[in-house]
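Summary of the model geometry
Here are the chains, one letter per residue:
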Amino acid sequence: MNRRLFNSGLLGLLAGSTLTRTRLAMAQSGPLPALITLVVPFAPGGGADQLAREFAHFAQSRAPGTTFVVENKPGANGAIAARHVARQKADGSTLLLGTSSTHVLGPLIAKAAPDQIIKEFSPATLLATTANALAVASTSRWKTLDDFLNDARQQTLTYGTFGTGSSAHLYGVLLAQSTGAKLSHVPYKGSGQAVTDLMGDHINAVFLTSSALEGLVREGKIRVLGVTGNARTHVFPDIKTFEEQQVKQLAFSGWFGLFSPAGTPTPVCEAVAALAADLGKDSVVRQRMVGQGYDWVGSTPQALQDALRSTIAVYQKVLATKPADLGA
C-alpha cells in the first residue's frame with residue numbers, strides 16, 4: 001500500500017479547499033436552520049468534544065439566527081451516534097462529528113459495505129486532522145522508540161487506547177506486526193482513562209491522538225516516542241514520525257469531519273463548510289487549535305468526500321491482512 005501517496009493526495013485536496021466569502025455570507029443569512037444539533041460520538045470533556053464545542057461556539061458568532069447545540073452520544077465506537085443522526089431529517093438541523101476511526105474503521109471492522117459508508121451521510125466539511133502518538137510516562141525507562149521496541153521484542157508490553165477497533169488500536173497492531181514487538185492492547189472508554197492508568201503505572205504506554213496528549217506533554221508528564229503521518233504534526237514539531245524512524249506502515253493520520261443525513265441540500269453543507277473555512281482564517285483560533293492538538297483544515301464538502309474514499313481504501317488494505325486482534 002502506498003500510504004505516502006494517500007497522505008500527499010489528501011494534503012493536496014486540503015490545500016485547495018478554502019471557500020469564498022460569498023459562501024460565508026450564505027452561511028450567515030441563507031440556508032442554515034434556526035437550530036443545529038452537533039452530535040458527538042464521545043463523552044464530554046475529550047478532545048473530539050472540545051473540537052466540536054470550539055466549532056459550535058465560533059459558528060454561533062458567525063451565523064446570526066442559528067443556534068448551535070452540542071449533544072454527546074458515546075458508545076459502540078461511534079455507531080450509536082451515527083445511527084441516531086442517519087435517522088434525522090436531511091435539512092441540516094443535525095450534524096455528526098465523524099472521525100476516521102468511528103466513521104470508517106469501525107464500520108469496516110463490523111463488515112459494513114464501503115458504498116454504504118459513503119451513501120449514508122452527506123459530507124459537510126473536514127474540520128481537522130490529528131496525528132496519533134505512542135507515549136510513555138516521563139518517568140519510564142524508555143527514552144526513544146528504539147528503546148521501547150527493543151524491550152517489547154523481549155517481553156510483552158501493554159498499550160492503552162480509546163477503544164477496541166479504534167484507529168489507535170489499529171496503529172498498535174500495525175506497529176507490532178511491522179517491528180516484531182509483543183504488544184498487548186488494553187481498551188478504554190476514553191483517552192482520559194487510558195492516561196490515568198499510564199500515570200498510575202498500570203499500563204506501559206498509550207496510543208492516543210495528539211489532541212489528547214498535547215497538554216500532558218506540555219506539563220512534562222509524558223514522553224512521546226513517535227507520531228503517525230508522513231509529515232510531522234504542528235502539535236509536536238520536534239517529535240519524529242514513525243516513518244522517520246523506519247516504521248513506514250504508520251505513515252497516515254486521522255481526521256475529524258462534519259456529516260449530515262444523506263440527501264441534505266448542497267447549499268446547507270456548503271454553508272457549514274464556509275463557517276469551518278472562515279474559522280481557519282483566524283490565526284488566534286487556529287493557534288489555539290494547534291494547542292489543543294489539531295491541524296485545522298476547514299474543507300469543502302467534496303474534499304471531505306474524497307478524504308473519506310481515500311481512507312476507506314487505506315483501511316481496506318490494512319484489514320485485508322486480517323489482524324485477529326481487531327476482529328477483522
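These figures come from a predicted structure and were not determined experimentally.

**Describing the nonpolar core**
The biggest cluster of nonpolar side chains holds 68 residues, and the ones touching the most others in it are Leu134, Phe148, Leu175, Leu183, Phe207 and Leu213. Apart from residues no more than four positions distant in its own chain, Leu134 is found in contact with Leu145, Phe148, Leu175, Ala205, Val206, Phe207, Arg223, Val224, Leu225, Gly226 and Phe242. Grouped together as the second largest cluster of nonpolar side chains are 32 residues, Leu95, Val272, Leu279 and Tyr294 included.

**With respect to the layout of surface pockets**
Here the largest pocket is characterised by a volume of approximately 650 Å³. Lining the largest pocket are 36 residues; nearest its centre among them are Phe42, Phe162, Lys189, Gly190 and Ser191. When residues of the lining of the largest pocket are traced back to their parent elements, those giving at least two are α3 (47-62), α5 (100-109), α9 (191-199), α10 (210-218) and β10 (254-261). Of the residues forming the lining of the largest pocket, the biggest block, four residues, is contributed by α3. Of the residues in the lining of the largest pocket, the class split is twelve nonpolar, 22 polar and two charged.

**What about the packing of α5 against helix α13 (residues 301-319)?**
One can describe the packing of α5 onto α13 by two numbers: an axis separation of 10 Å at closest approach and a directional angle of 40 degrees. By the angle between their axes, α5 is oblique relative to α13. For the crossing formed where α5 meets α13, the hand is right-handed. On α13, the residues touching Ser100, His103, Val104, Leu105, Leu108 and Ile109 of α5 are Leu308, Thr311, Ile312, Tyr315, Gln316 and Leu319. Split by residue class, the contact of α5 with α13 holds eight nonpolar, four polar and no charged.

**What to know about the packing of aromatic side chains**
A full pass over the atoms with the stated rule returns ten aromatic pairs. Relative to Phe242, the ring of Phe207 lies with its centre 5.7 Å away and its plane at 35 degrees, an arrangement referred to as tilted. One end of the pair, Phe207, is in strand β8 (residues 205-209); the other, Phe242, is in the loop between β9 (222-227) and β10, with 35 residues separating them in the sequence. Site record: aromatic cluster; members linked through ring pairs are Tyr159, Tyr171, Phe207, Phe242, Phe252 and Tyr315.

**Considering the sheet that holds strand β5 (residues 132-137)**
Taken together, the five strands give an open sheet; going across it, the order is β7-β6-β8-β5-β9, and neighbouring strands pair in mixed fashion. Both edges of this open sheet fall to β7 (183-187) and β9, since each of them pairs with a single strand only. The mean inter-strand angle of the sheet, taken between neighbouring strand axes irrespective of direction, is 30 degrees. Across two bridges, the pairing between strand β6 (residues 157-161) and β8 is parallel. Bridging across to β8, Tyr159 finds its partner in Ala205. The strands that α9 touches are β5, β6, β8 and β9; relative to β8, the one it contacts most, it runs at about 155 degrees.

**Quick look at unusual backbone geometry**
With phi around 55 degrees, Ala76 is a residue other than glycine that occupies positive phi space. Its place among the elements puts Ala76 in the loop between β2 (67-72) and α4 (79-86). Unusually for a residue other than glycine, Gln246 sits at a positive phi of about 70 degrees.

The rules behind the values
- Residues numbered from 1 in each chain as written.
- Predicted model: local features only at pLDDT ≥ 70, side-chain atom pairs only at ≥ 80, totals over all residues.
- Heavy atoms only, no water.
- Core = buried A, V, L, I, M, F, W, Y, C linked by side-chain atoms within 4.5 Å.
- Buried < 20%, exposed > 50% of the residue type's maximum accessible area, 1.4 Å probe, protein only.
- Contact = heavy atoms within 4.5 Å.
- 1 Å grid on protein atoms, 1.4 Å probe; cavity = no way out; pocket = protein on both sides within 12 Å on 5 of 7 lines; lining within 4 Å.
- Points joined across faces, edges and corners; volume = space filled by probe spheres on them.
- Helix = DSSP H or I, 4+ residues; strand = E, 2+ residues; numbered from the N terminus.
- Nonpolar A, V, L, I, M, F, W, Y, C, P; charged D, E, K, R; others polar.
- Axes fitted to C-alpha atoms, helices over the stretch in contact; angles between N-to-C directions.
- Parallel < 35°, antiparallel > 145°, perpendicular 65-115°, else oblique.
- Left-handed = near helix turned anticlockwise from the far one by under 90°.
- Phe/Tyr/Trp six-rings, centres within 6.5 Å; stacked < 30°, edge-to-face > 60°.
- Pairing = 2+ DSSP bridges.

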